[in-house]
Structure formats: C-alpha cells, structure tokens
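Chain by chain, the residues run as shown.
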Amino acid sequence: MSNSVFKKKSKEEVKDAIVLKLQNMFGRTLKMASKGQLYKAIAMTLRDDMMKKWAYSKEMATEENGRTLYYLSMEFLVGRMLGKNLINLSEEEEFFTACDELGIDLREIRNIEPNAGLGNGGLGRLAACFLDSISSLGMPGHGNGIRYEYGLFEQKIIDGYQIEIPDPWLEDGNVWEVAKHEEPEIIYFGGTVETQMINGVAKYIQRNCQTVKAIPYDMAITGYKTPVVNTLRLWGARAVKPMDMALFGQGQYVDAIAEKELAESISKVLYPEDNHEEGKSLRLKQQYFFVSASIKSIVRKYKKTNAQIEDFAKKSVIHVNDTHPALGIPELMRILIDQEGLSWDIAWEITKNTFAYTNHTVLQEALEKWPIDLLQKLLPRIYDIIHEINERFCKTLWDKYPGEWDKIAHMAIISHGEVKMANLCIVGAFSVNGVAALHTNILKKDVFKDFYEMYPDRFVSITNGVDHRRFLYKSNKRLARLLTDNIGDEWISDASKLKKFAKFAKDSSVQEELRKLREHKKESLAKYIFEKNGIKVDPKSIYDVQIKRLHEYKRQFMNVLHIMYLYNKIKGDPNFKMHPRTFIFGGKAAPGYHNAKMIIKLIHSVGDKINNDKTIEDKLKVVFIENYKVSLAEKIIPATDISEQISTAGKEASGTGNMKFMMNGAITIGTLDGANVEIKEAVGDDNIFIFGLTAEETDAYYKGGHYKPLEIYERHKEIRTVVEQLVNGFYAEENTELFRELHDGLLYGHGGMADPYFILKDFESYYVTQARIGQLYNKPSAWWEKSIYNIAYSGGFSSDRTIKDYSEKIWKLNKHGFAK
C-alpha cells in the first residue's frame, strides 16, 4: 500500500464526503437531514479513513508476524469514539472547519453518539485506556470481550432512589463496528463427555450439547499519530438454529424461538444479577462464551501463519483482566489436547507460558468462586481439565508442604465445593500483577501470601494509568492549549514532558490563566446541573467531587456525614466561616446492593434539606448527577477543585479517577490507599491532603478485633449528633427508620464487625483535613501553585507509561516495524 493511506482529507473533501454520505446512506440532502443522520454521515466519513489505515495495519502486522498480545476483559468502556478518533487521526481541524462551513455544530452533533454500554467502572475504563496506549505506542495488541446488547443499566433517580432501566445503546446501531458473520465460532455448553481410545490415545468427545454461535464484531482502535490500528473484537451470541419452523407452523410461536432467545441472552446484558441459580449460570456462560470464542479465534489466526503449535507461547500472550476470563486457561488446554493432539505436559507448558493475570481486588467476596456442581453441569470437559490441573498442583503441594492440610486446601484450585478462579489464574499463568505498589504488597503479604512464597518471581507490580489524551487533551481543551503554549506539544504523545510545567507553579500569569479556564469549566457544569437537576450552584464555590461506583469501602457515606457535619456547624455556630462548597456525586450502585442504594437515597435526602434551606445563604449545595458515564466524567473532572479519594486504606486496588483529576489540576483529599500512595510520592506531601488510618493500621484492627466505634460515638458530641440525625427524622421526617440499617451498621454491625470501613474512626481526621483545604482555597496563589504541581507530575500516571511497563516486565512486545 502506498503512502496515500495516510493522506488526510482536506476541508473541501470532508465537506463533499459528508454530503455524499447523507445522499447515499439516507437519501437526504444536508438541509433535510436529522441530527442523528448528520452524526452518522460525519462518523462514516471519518471511518472511511480509519478503514484504510486498519487494512494496511493488519497486512503489515501479518507480514511481520511478531509476538502479539490478546487482552481479555469482560469490560471495555471505550466512551464516545468520534471525538477521540478525530484526535488520533489528526483530523479535528479539517472536520470542525468543514462542519462550520456546512452549518453543522459538530460539538453538538458528536454528543449524539451513545456511550458504549460495554462496562461498569474502573475495570472497563482501564481496559479501554490500555487499548488506546497500545496502538499509540505502535505495539501489536488486541482486545477481546462481549458485545452487550444492553449496558449495565441506565440509572434514573426517582424520589431519591436509584431505579434501573435498560440501556439500549445499540438500538440505533454502532457505526464503528464491523460484523464478521463469516468468521463465527461455535461454543458448547452442557451435555456429556465421552472418552474414546484411538491408537492408544484418549480422545474426548462432547455429546448432547447446547451449541451457541459466537459472531465477532470488530472495532478499529486507532493510536495517536501512528499508522498502527489494532482491533477490539466483541462477541455477540446467536442461535445455531434461529427458529423451529415446525413449531412455528403449529402456532407455538414462543417455543419456536425459545432456542434463539436462550442463546442470545448470553450477550444481552452486562453482569446479570447472580443472587439466584439462573443468574449464576448465565454469568458463567458469558465468561466461557467469550473466552472460548476468543481463544479459538486466536489459535485459528496463529495456525494460518503455518507456525508450529508448540511455538504458540512464543508468538502469543493472553492477558486476563481480573478473573472473569480465567476459563481461558482450561479452554486453551482443551484445544491443545483435544483438537491439536498434544500431550498434557506439552499443552500445560504452552498454556502456563501464554497467560498473564492482573488482579484488581483484595476483597475476598470479589475473588470469584464457582460451585463445582454448576461448572460440572455447564462445562463438563472444562471442569475435567480444571480438576486434573488441581490434582497435579495439589500433588506438588503435598510434596512441598507435607501434612499442612489447611495450607493445601487454601491454595487448591478446587476445595470446599468450589472452584477458585484466582487460584486457577495464579497456577496457570507465568505472571501475576497488582495494579499499585500498595496493592501488590497486600497480595504478596496477605491475599496470596502462600502463592508468593511458592512463586516469588511470578509476582510483579504495575501501577495503573489513564489515557491522558482523552481525559486531558480531549476533555480540557483550554488547559491543553495552556500547556502547549508554555511547554510545547510533545506532552500529547509523551506525558512525561508535563514535568516541564512545574517551573510555572509560582508564575502568577499562568495561575490566573488556570483559574480562568477552571471557572469556565465550572460555569459549564453549573449550567448542566441546572438543566438536569434544577439546582442552581455557584461556579465560585469549591467543587468537591466524588464520582465512582457506589460501594461501602469507597466511603461515599463518610462524605455525606461530613456534609451533615458542616450543615450543623453552619446552623449552630454563627461564628463558623467557610468558603461556599458544592458537593457533587455520581455513580451507580449494583441493583442488588441495598446499602449502596440507601447511601444514594441519603445523599438525596441530605441534599433536599440543605439545598432548600435559604438561611444558610448557599454556603452548601449537594448534587447527585444521575447515570454517570465516560462522557460525564469528561465534563465533571475538568471542573473539579477537590478530588475525593477516601476509600478505606487497604481496600482500593489502585483507583484511576484519582489520576484523571490530578491531570486536570484538582487537589486530592485521600487516604494512603491504592495509587494515592504513589500520587503522594510523585506530587510531594505539600500538594496532596492525606488523612486517616493506614493499611497496616486497618489490618491490625481487622485481625485484633478491638475496634469499638460505639466508644467514638459516645465521647464525640458532634459525631454523635450526625449519626443520630440518621434516625431521628432530621432528614427523613416521614420515616425515621429509613436509614436505620446505615445507622446500626456504624455502631453495632449486622451480625459482623461494626463500622467495618472505619468511617467513625477516620471521621475526625477527615473533617479536620477538609477544613485545611477550605483555608487553602482562600489563598489563591498557594492553591493554584499546588494545582500546577499536580498537573506537572501527573505524566507518570498516563496509561502509556503503564503499557511500557507491562511490555517490559510481562508481555515482551516489540513496536511494529512500520510504526517506527
């Protein structure tokens, strides 16, 4: 292919192409086109350029035949693609100018694009950041996941309660995907396994299975100013037999399509509820469906190179993003033994040198375990292989730790009626990594202590990172221009260059520019809040923001209690002074997570009282922005003054929101948890506000059992007042028992430890630190100096750096020759 592949369209060519797309796709003129049709015409015009680069990239990568990464993840929160692809292809100026001249507001039109419903939170956003960086760095790496027809859910707030409604993000199609109906994979569930001896070799045959067709839908993943275009392959479930015509002819219409509906339910919804047997079964089906399809496809692609299957691990590395894709390990074993005819020992050597595993949690309840009977019933051959892996591993353990039965049971893949997926990943992978230094240390010393003692070289630490081109360059254009005006534009491709900005920390003119652009973003967010929530907020107030998945360990509850504390101070102390503050929340609670949903209700109840109290003269405002998603993050983060990263120390693996806020100059209040530790090291003690217990201290309380929150409640009047307001009708006059469970959980526990996330223990430290931040905000020069330092030292938290670390320590990828 010639260099014409990389030739950008001129402004005139863009205009002509858009008009032509409208005519050819919709039979509409520019004047008659709807906004949705305009979006698709513009996106398809850009897509044409992407397709040429994609084709070239695939061809050149095939010729190079280098080592390739396959990143398996249940989630890929890619966000809106139009704006990001315009940046990566360096076509922003041409498209914006062309649209202006055609009378199209591209800023409005690009917001029509739905947020892809392919994830829930940090896990999926991280995976999307990684794909962008892999392409931008010119490396061969592709994503594999599920093409969910519906996202997690669309969150609606009604009377302060979260209500879940379907998120049909695909109902109007997805212009960025290419369906590959000609490349299906057939996936097998249930049935029985028969063993036949042929020429002295055991052959395993699955009988009476349910079969499901997996259809790949490919999305091009462009990189920033690079010819490399990688692929995100998402699998959609389809029935092998879409309809039983005989039943349909008999008038049994529902039964006639039952097989189709059952098959397609696999890729219908992200994370179906699993508090019942059908839900557990569907989740397990989802996991096997996408890893089986992915690994079959990967092996098929590899064999087309005519390479020896014994060399598979030399050319392929499969990375499992948390334990959801863990079934890929026995699936590759199945393919190598049952289809390629390899012996167990050779197949195991290939498999364990192919897989790498990232752990994302230290919470025991989040480490996946599947009931043996469910796995046996749904995936009989896969269970047989896991059982054999476990038998052989336990034999090794028996030899190494004779008589230590508790240790062996703890490390076994199968024990106490369950299959432990994290253990399977550790045993079946050549690398295990945590996602922050503290997190990795906890894995080594506690969660996977026995495994670390056995395989010390297998464990590495790689701190997470975020896509600075999306969360700074794209979402905060004015800040991007300020940076480029002062330090040049190298930072866009190399975030480490942001360090140059530190020399402007005390520059009053730069501080003033930063203040102005922040105020502009705050005004824009204030307008959005008024339109969506009907709440008028002051852009000159401090925007104090906590946007993340609702979970008790993330301690949105403590944030609300602090707001209640401030309200009491304002109402009860005429001499109390504070800069007006707007508290902004966003995030979804899992549908079955009662306490998290009640925290959302509490936020709204507190907000309703405070926002309608005119006597406090707008010193406090409380806002919950519903249906938090990537596009809202891009709106909220650049407007933020204070970043709330207040999880219980030792509970958050890393966090990535903390990095996005830092890049945009927000100042962090946080615990020494996750990547906060490394942010503190990067930015310096003076430019971050740390409070509360350390991970070592919380661990000591968990193990010692001597934490008594009731004592704090009894001796601390202000804390006692706040806690009592949960149940005395102050915020719920019509139902004083509404927040009883939250109240009792703090003081007495629910059959377990009281206040297990140390809210009351950390509360005084938290509000004292918050007061210090408020005082700092009234010293503008000192405030903006710290803000500039945060921006300058955020480059180390770019996902580009993370991917370089993964490649160097784990994947051993080479940059494509045609990208150099």
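Owing to the predicted nature of the structure, the values given are computational and were not obtained by experimental measurement.

(A) The arrangement of the sheet that holds strand E15 (residues 418–420) in detail. Taking strand neighbours across the sheet as the criterion, the 3 strands line up as E13-E15-E14 in an open arrangement whose pairing is antiparallel. With one partner strand each, in any of the chains shown, strand E13 (369–371) and strand E14 (414–415) form the two edges of the open sheet. Inspection of the sheet shows E14 paired to E15 by 2 bridges, in the antiparallel sense. Residue pairing in the sheet places Ile414 in a bridge with Val419 of E15. Where helix H17 (residues 421–428) meets the sheet, it contacts E13 and E15, and its direction lies at approximately 45° from that of E15.

(B) Main features of helix H22 (residues 508–533). Over its 26 residues, H22 runs 36 Å from end to end, which matches the ideal 38 Å to within 8%, given 1.5 Å per residue. The complete set of buried residues in H22 reads Val510, Gln511, Leu514, Leu517, Arg518, Glu519, Lys522, Leu525, Ala526, Tyr528 and Ile529. Gly534 sits one or two residues past H22 and shows a positive phi near 70°.

(C) Local environment of helix H28 (residues 695–704). Considered for burial, the residues of H28 that qualify are Ala695, Thr698 and Tyr701. Mapping the buried residues of H28 onto a view down its axis gives an arc of 125°, with all of them on the same face. In H28, the exposed residues that point more than 90 degrees away from the buried face are Glu696 and Lys703. Among the structural elements, helix H18 (437–447) and helix H32 (759–777) are those in contact with the buried residues of H28.

(D) Representation of unusual backbone geometry. The residue Asp322 is not glycine, and still its phi comes out positive at about 70°. Position of Asp322 relative to the elements: it lies in the loop between strand E11 (316–321) and helix H12 (328–339). Relative accessible area serves as the criterion here: at 10%, Asp322 is assigned to the buried category. Phi at Asp618 takes a positive value of approximately 60°, unusual for a residue other than glycine. If you trace the backbone, Asp618 turns up in the loop between helix H24 (594–611) and strand E20 (620–624).

(E) The arrangement of the environment of Thr802 in detail. Following the sequence through the fold, Thr802 ends up in helix H34 (residues 799–811). Of the residues examined, Thr802 reaches a relative accessible area of 0% and is grouped as buried. For Thr802 and Asn464, which are 338 residues apart along the polypeptide, the C-alpha to C-alpha distance reads 6.0 Å.

(F) Representation of the pairing of strand E19 (residues 581–586) within the structure. Within E19, 6 of the 6 residues are buried, leaving the element largely enclosed by the surrounding structure. Of the two faces of E19, both are covered, the one formed by Arg581, Phe583 and Phe585 as well as the one formed by Thr582, Ile584 and Gly586. Pairing between strand E18 (residues 542–547) and E19: 6 bridges, direction parallel. Each bridged residue has a counterpart across the sheet, and for Tyr543 the counterpart in E19 is Thr582. You can see the chain leave E18, run along helix H23 (residues 556–572) and come back into E19, and the turn it takes is right-handed. Summarising the sheet, E19 and E20 pair through 5 bridges and their orientation is parallel. By the bridge assignment, Phe585 is partnered in E20 with Phe624. The handedness of the E19 to E20 crossover, carried by H24, is right-handed.

(G) Representation of the nonpolar core in the model. Core analysis: the biggest nonpolar cluster contains 151 residues, and Trp176, Phe289, Phe448 and Trp811 have the highest contact counts within it. No other element matches helix H10 (residues 277–303), which puts 10 residues into this core. Residues within four places of Phe289 in sequence aside, it is in contact with Ile187, Phe189, Val212, Lys213, Ala214, Trp235, Gly236, Ala237 and Ile266. Formed by 121 residues, the second largest nonpolar core is a distinct cluster that contains Leu517, Tyr543, Phe583 and Tyr766.

Reading guide: rules and limits
- Residues numbered from 1 in each chain as written.
- Predicted model: local features only at pLDDT ≥ 70, side-chain atom pairs only at ≥ 80, totals over all residues.
- Heavy atoms only, no water.
- Pairing = 2+ DSSP bridges.
- Helix = DSSP H or I, 4+ residues; strand = E, 2+ residues; numbered from the N terminus.
- Contact = heavy atoms within 4.5 Å.
- Axes fitted to C-alpha atoms, helices over the stretch in contact; angles between N-to-C directions.
- Expected span 1.5 Å × (residues − 1).
- Buried < 20%, exposed > 50% of the residue type's maximum accessible area, 1.4 Å probe, protein only.
- Arc of directions from axis to C-beta.
- Right-handed = clockwise from strand over helix to strand, strands pointing away.
- Core = buried A, V, L, I, M, F, W, Y, C linked by side-chain atoms within 4.5 Å.

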